[in-house]
Amino acid sequence: MLKNLDPLLNADVLYALRAMGHGDRLVICDTNFPGDSIARQTRLGRLLRIDAVTAPRAARAILSVMPLDTFIDDAAARMEIVGSPDEIPDVQVEMQAEIDRAEGKHWPMVSIDRMAFYEHAKNAYCVIATGERRFYGCFIFAKGVIPPEAA
């Protein structure tokens, strides 16, 4: 255990978060996402896990140490519901609340078509699988920077 770090941030996840640079992306996925096969195609090349919690709870831990990228409009993205791209399920509403809480302001997620989401995920730095069992609990975040005055 470490002081002031969310206990969900295990050594593998902390390593990946620290190794990522500005603009690198990570995927937080639900239990139905093809996490292992997609993760093998990422920069890290293996699946990371934060088990037994929802995707929004895993995001709370991650966003407690990782800023979102303020230089782009798609630093937070969600997988669209097939056939209903404008529908926002509860898991995505909860994720939006976690993002807003972490950033201290409303930070809208962009939506990505399911098949396009898979392609975006393959280009990410890493994939973090959660215990999320609700459908469409899949998200992509781009890492931002910490300015000198915050150090």
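The following paragraphs examine the structure supplied in this document. All figures in this text were calculated on a predicted structure; none of them were measured in a lab. (Residues numbered from 1 in each chain as written. Predicted model: local features only at pLDDT ≥ 70, side-chain atom pairs only at ≥ 80, totals over all residues. Heavy atoms only, no water.)

Here we take up the side chain of Glu132. Take Glu132: it is sitting in the loop between strand 5 (126-130) and strand 6 (139-142). According to the relative accessible area criterion, Glu132 is buried, its value standing at 2%. With sequence-adjacent residues up to four places away left out, Glu132 is seen in contact with Asp30, Thr31, Val53, Thr54, Ala55, Pro56, Val91 and Gly137. (Helix = DSSP H or I, 4+ residues; strand = E, 2+ residues; numbered from the N terminus. Buried < 20%, exposed > 50% of the residue type's maximum accessible area, 1.4 Å probe, protein only. Contact = heavy atoms within 4.5 Å.)

Right, let's get into the packing of aromatic side chains. Tallied over the entire structure, the rule returns two aromatic pairs. On the numbers, 6.0 Å between centres and 85° between planes, the contact of Phe33 with Phe117 is edge-to-face. Residue Phe33 is found in the loop between strand 1 (25-29) and helix 2 (35-39), and its partner Phe117 is found in helix 5 (residues 114-122); the two are separated by 84 residues along the sequence. Judged on exposure class, the residue Phe33 and its partner Phe117 are both buried. Between Phe33 and Tyr118 the ring centres are 5.5 Å apart and the planes differ by 50°, which places this aromatic pair in the tilted class. Of this pair, Phe33 sits in the loop between strand 1 and helix 2 while Tyr118 sits in helix 5, and the two are 85 residues apart along the sequence. Comparing Phe33 with Tyr118 shows no difference in burial state: the two are buried. (Phe/Tyr/Trp six-rings, centres within 6.5 Å; stacked < 30°, edge-to-face > 60°.)

Here we take up the sheet that holds strand 4 (residues 110-112). Pairing in this open sheet of six strands is mixed, and the strands run 2-5-1-6-3-4 from one edge to the other. In this open sheet, the two edge strands, each paired with only one partner strand, are strand 2 (47-50) and strand 4. The average angle at which neighbouring strand axes cross in this sheet is 25°, direction not considered. Across three bridges, strand 3 (residues 76-79) lies against strand 6 in antiparallel orientation. (Pairing = 2+ DSSP bridges. Axes fitted to C-alpha atoms, helices over the stretch in contact; angles between N-to-C directions.)

The next thing to look at is the environment of Gly35. The residue Gly35 is located in helix 2 in this model. Under the relative-accessibility criterion, Gly35 is labelled buried at 6%. Separated by 92 residues in sequence, Gly35 and Val127 place their C-alpha atoms 6.6 Å apart. Dropping the residues within four chain positions of it, Gly35 is found in contact with Cys29, Leu47 and Val127.

The subject of this paragraph is the packing of helix 3 (residues 55-63) against helix 4 (residues 90-103). Orientation of helix 3 relative to helix 4, taken along the N-to-C sense of each, is 15°, at an axis distance of 9 Å. By the criterion of interaxial angle, the relationship of helix 3 to helix 4 is roughly parallel. Here helix 3 runs over helix 4; the crossing is right-handed. Judged by residue contacts, Ala55, Pro56, Ala59, Arg60 and Leu63 of helix 3 engage Val91, Glu94, Met95, Glu98, Ile99, Arg101 and Ala102 from helix 4. Here the residues of the contact of helix 3 with helix 4 are counted per class, giving eight nonpolar, no polar and four charged. (Parallel < 35°, antiparallel > 145°, perpendicular 65-115°, else oblique. Left-handed = near helix turned anticlockwise from the far one by under 90°. Nonpolar A, V, L, I, M, F, W, Y, C, P; charged D, E, K, R; others polar.)

Within the secondary structure, Lys143 sits in the segment after strand 6. Despite its burial, Lys143 remains without a salt bridge, the nearest opposite charge being carried by Asp24 at 7.1 Å. A polar side-chain atom of Lys143 sits 2.8 Å from the main-chain carbonyl oxygen of Leu17. At 2.8 Å, the side chain of Lys143 and the backbone oxygen of Met20 are in polar contact. In this structure Lys143 touches Leu17, Arg18, Met20, Gly21, His22, Gly23, Asp24, Met66, Pro67, Leu68 and Asp69, once residues within four positions along its chain are discounted. (Lys, Arg positive; Asp, Glu negative; His and termini not counted. Salt bridge = Lys/Arg side-chain N within 4 Å of Asp/Glu carboxyl O. Polar contact = N/O pair within 3.5 Å; in protein donor to acceptor, adjacent residues only side chain to side chain.)

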